[in-house]
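Results of the structural survey
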Amino acid sequence: MEEGEKLDSEKMILEEKAEVEELLVRFVRALEEEQSQTRTSIQQTKGMIFKKPTSPSSTEQIRELLDQSFSTRSTEPIEGTEEKALENEVLAEIIPLSSMQRNRKE
Amino acid sequence: MSVTPADDGQQNTKLQCLLIQLASVGDLLQSLMALRAVKQLYPNLEIHVMARADDYDILKKVSWIKNVYALPTEHLLEPLKKGRLSSDEAAENEKQSVRRLAAWLGRIISIRWDFLLNWSFSSSSSYLTALLPANIKLGLSWRIQQGMICQDDWSLYVQSMIQGDIAQNIHLTDILTTQFLTALQIHVGPPSEGANEPVTSKNFFSLISAQEQGFWNLRMSGKKWIGFQLGDPLLHQKWIDCASLVLSRHPDYHVVFLGDPLNPIASEGFKDLMTAASLPIERTLYMGADLGFDLWASAVGGCQWVITGSHPVVQLASVLGTRVFGVFSEPFNGVENGPYGNGHFFFVCRNKKTLSEKTIYACWRYAFDEWVPLRVKKLENYFERFSKSASSQIIQIYRSKIRPTQNGGGVYYQPLLNIPMSIDQWLATVMGQVARAWYCGWIAPVGQEISREALSPELLRELRVLDESSELLEKILTKARFTAERFHKRASRLRSDRVMALEDHSEIKEFGEQLKKLDDLLERVCLAHAPLRGFLQVSQVMMHNLRGNSLKEVVRHSSEAYRKLADGIKIFRTWLKHTLQLAKPAVLQNQKNSIPPHMSGMFE
């Protein structure tokens, strides 16, 4: 395995592990919260979801994707811009992550 | 993704299915009814259930459940109950709980489930759904970046309509059954033929023949019983008075008062009330709340009728095929969890406190006489005979019916009092039909279950207002649909989401802005016209659940969502126009045929 691939796969494992941990913690907290209440039926949860906003909407998702994009003068590669476009693409892979995180926090 | 049958064919391949049901016992019983119906059509399903430890005893008595995973809540949360602690200690205790959970989940996670059904529709269950591996997941799940998500269309409907408190008329058992059957048809194939056994049965549970149960069985067998379910203290004295009427007018019947094992406190003090009443001892039984599930189910199964004001027994009686007579009050949300099957009755009263035992008896007597061949009298006659004030105490009385398959199937509650339809009832009927068109691809005959007699001037006035606002909504949704389709076409031509020409970027931005404006308009119209709120909530949940990693994919799903909404409002308006048309005076096409025979000569 190439060094880069190895790093990617390790990163994925770490991300998955963090995700699993987060889900486990969330479940324990939710269980603790539910235990102090009477067991509810689906009927009794009426109105539950619309107390808090459900987001992002389609337009927000589209906007988010657009925010991540980089524009050039033309889609046709013109001399010397192909590499630049590629560079942008690579940059875009990094930048959106932080902008996405920022959006989530907002 | 599809579930691939092994070499020996679909019928012989076990399909491992895990149900997560952590909600109330009533919901668990509804889930079991739905699963039983599905298992009859797909006998190769191997069903496992994850439930609360309290429900373990119930589930162990269902013979077709392979495994029960009882959630050890006390054990999991024990480290968290160590009094006042520093934040570090609290964090360490939480870690301990998490470790216990991970250890418990280990063996469940190690199985690759074919189907995972989360029918609890709660936050906690959505985390479990996300954690467990499965080929097909149905119900609510969770994504770190998105929050709670719906795994399928019917879950989206449950979240936006049922949990969103919008009037609709599809029973939860029907939703769950259809949801699972649809997934099975898509991923496994058509069901096996010849599954015509009834889902409900006295033998639904394999009840243990305990000594005590034997004693009660002996006392109950060979006699006809009417059960009164305790649980709502407001009704306890009324049960005793009503039972007295039953015993005096039906000499071949006996009465049993059933404690509520799920809520033992509610039955406290009832025995004193009963002792004070002079009911004939030889025809009356009292089963305390400590009776346990076996005896409770056995007694409910042994009754001809169960009269109740609380919900879990409604599901238990439905599962066991015992007729239910329900007494409920406003606000009433029973359409989704009322009694399931043919021939159950329930009424909705204005106030349980002022409800008289005579009214309960009058309504039950009407239901009781239903299968008496000579009964020709209307409900109003029963009121006249047994309780003259009944009509002022009751809002509506319903009879359950299973629709014929050609009319859409599922349970339906037929109103029996000639009372005009409210806007909520009209909306429930129509939104139910819109959902069938969305998720089953089946459209009911327009106007089914809406009769001309049920239309009041007030309803028509509201529908005329709705005609205007829904027309506006239709325009918005049609525009949104076409904008999203054009947007999708444009996005499909992009070589990359990340690098694009400035003109493309601004064109796409413009599409996004247009959709945003239409979304805002949709919200404003639906908030200003409450009957259209269902469309807004479905839209919000749909848009929250859009999937895709690229602009093209997100826009494609968005376009599909708007198409669905636009189709829905069209169906809605067809029903609206039909209802308004129904109210218009009709010209008789063949006047001659409408003339009674003895008067026909007068017009020649």
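So, here's what we can say about the structure.

Conventions and cut-offs
- Residues numbered from 1 in each chain as written.
- Chains lettered and ligands numbered in written order.
- Predicted model: local features only at pLDDT ≥ 70, side-chain atom pairs only at ≥ 80, totals over all residues.
- Heavy atoms only, no water.
- Helix = DSSP H or I, 4+ residues; strand = E, 2+ residues; numbered from the N terminus.
- Buried < 20%, exposed > 50% of the residue type's maximum accessible area, 1.4 Å probe, protein only.
- Lys, Arg positive; Asp, Glu negative; His and termini not counted.
- Salt bridge = Lys/Arg side-chain N within 4 Å of Asp/Glu carboxyl O.
- Contact = heavy atoms within 4.5 Å.
- Phe/Tyr/Trp six-rings, centres within 6.5 Å; stacked < 30°, edge-to-face > 60°.
- Polar contact = N/O pair within 3.5 Å; in protein donor to acceptor, adjacent residues only side chain to side chain.
- Disulfide = S-S within 2.5 Å.
- Pairing = 2+ DSSP bridges.
- Axes fitted to C-alpha atoms, helices over the stretch in contact; angles between N-to-C directions.
- Core = buried A, V, L, I, M, F, W, Y, C linked by side-chain atoms within 4.5 Å.
- Parallel < 35°, antiparallel > 145°, perpendicular 65-115°, else oblique.
- Left-handed = near helix turned anticlockwise from the far one by under 90°.
- Nonpolar A, V, L, I, M, F, W, Y, C, P; charged D, E, K, R; others polar.

**Section: the side chain of Asp-174 of chain B**
All names here are of chain B.
- With respect to the secondary-structure elements, Asp-174 resides in helix α7 (residues 172–187).
- Here Asp-174 occupies a buried position and makes no salt bridge, while the nearest side chain of opposite charge, Arg-403, is found at 5.7 Å.
- Residues contacting Asp-174, with those up to four places away along its chain left out, are Tyr-340, Gly-410 and Val-411.

**Quick look at the pattern of salt bridges**
All names here are of chain B.
- In total, this model carries 24 salt bridges over all chains according to the counting rule given.
- For Asp-567, the salt bridge is made with Arg-481, and the minimal N-O distance between the two is 3.6 Å. Taken as a pair, Asp-567 in helix α20 (residues 551–583) and Arg-481 in helix α17 (residues 457–492) lie far apart in primary sequence, 86 residues in all.
- Look at Asp-567 and you get partly exposed, because its relative accessible area is 27%.
- As a salt-bridge pair, Asp-520 and Lys-516 come within 3.1 Å of each other at their nearest N and O atoms.

**Here we look at the packing of aromatic side chains**
All names here are of chain B.
- Under the counting rule described, the total for this entry stands at 33 aromatic pairs over all chains.
- Look at Phe-205 and Phe-293: their rings are 5.0 Å apart centre to centre, the planes differ by 85 degrees, and that puts the pair in the edge-to-face class. With a gap of 88 residues between them, Phe-205 in the loop between α7 and α8 (211–220) and Phe-293 in helix α11 (residues 292–302) connect regions that are remote in the sequence. Grouping residues by exposure puts Phe-205 and Phe-293 together as buried.
- These aromatic residues form a ring-pair network of at least three members: Tyr-253, Trp-305, Phe-345, Tyr-361, Trp-364, Tyr-366, Phe-368, Tyr-382 and Phe-386.

**What to know about helix α6 (residues 153–162) of chain B**
Residues and elements named next belong to chain B.
- Taking burial as the measure, the ten residues of α6 include nine buried ones, the bulk of the element.
- Among the residues of α6, those classed as buried are Trp-154, Ser-155, Leu-156, Tyr-157, Val-158, Gln-159, Ser-160, Met-161 and Ile-162.
- Lining the buried residues of α6 we find β5 (134–143), β6 (147–150), α7, α16 (423–439) and α19 (533–544).
- Capping the start of α6, Asp-152 holds a side-chain oxygen 3.2 Å from the backbone nitrogen of Trp-154, two or three residues further along.

**A word on the state of the cysteines**
Residue and element names in this part refer to chain B.
- A full pass over the atoms with the stated rule returns zero disulfides over all chains.
- No disulfide involves Cys-242; its nearest neighbouring cysteine sulfur is the one of Cys-363, lying 9.8 Å away.
- Look at Cys-242 and you get buried, because its relative accessible area is 0%.
- Not engaged in a disulfide, the cysteine Cys-363 finds its nearest cysteine sulfur in Cys-349; these two sulfurs lie 9.8 Å apart.
- For Cys-363, a relative accessible area of 0% translates into the label buried.

**Here we look at the sheet that holds β6 of chain B**
All names here are of chain B.
- Strand order across the open sheet formed by six strands is β3-β2-β1-β4-β5-β6, with mixed pairing between neighbours. Here the strands that pair on one side only, and so sit at the sheet edges, are β3 (65–71) and β6. When strand polarity is set aside, the average angle formed by the axes of neighbouring strands in this sheet is 25 degrees.
- Alignment of strand β1 (residues 15–21) against strand β2 (residues 45–52), held across seven bridges, turns out to be parallel. Bridging across to β2, Leu-15 finds its partner in Leu-45.
- Strands β1, β2, β4 (113–118), β5 and β6 of the sheet are contacted by helix α5 (residues 123–131), whose axis makes an angle of about 140 degrees with β5.

**Focus: the nonpolar core**
Residue and element names in this part refer to chain B.
- Grouped together as the largest cluster of nonpolar side chains are 163 residues, with contacts concentrated most on Met-50, Leu-105, Phe-180, Phe-205, Trp-426, Phe-535 and Phe-572.
- It is α20 that provides the largest number of residues to this core, a total of 13 residues.
- Those residues in contact with Trp-426 that lie beyond four places of it in its chain are Met-421, Ile-450, Leu-459, Leu-463, Leu-466, Phe-572, Trp-575, Leu-576 and Thr-579.
- Counting 41 residues, the second largest nonpolar core, distinct from the first, contains Met-274, Ile-307, Ile-397 and Leu-417.

**Points about the packing of α17 of chain B against helix α18 (residues 502–528) of chain B**
All names here are of chain B.
- The contact between α17 and α18 brings their axes to 10 Å, and the two run at 160 degrees. Comparing their axes, α18 and α17 come out roughly antiparallel. In this structure, the crossing between α17 and α18 has a hand that is left-handed. For the pair α17 and α18, the contacting residues are Ser-469, Leu-472, Leu-473, Ile-476, Leu-477, Lys-479, Ala-480, Thr-483, Ala-484, Arg-486, Phe-487 and Arg-490 in the first and Asp-504, Glu-507, Ile-508, Phe-511, Gly-512, Gln-514, Leu-515, Leu-518, Leu-521, Leu-522, Val-525 and Cys-526 in the second.
- For the contact of α17 with α18, the per-class residue count stands at 15 nonpolar, four polar and five charged.

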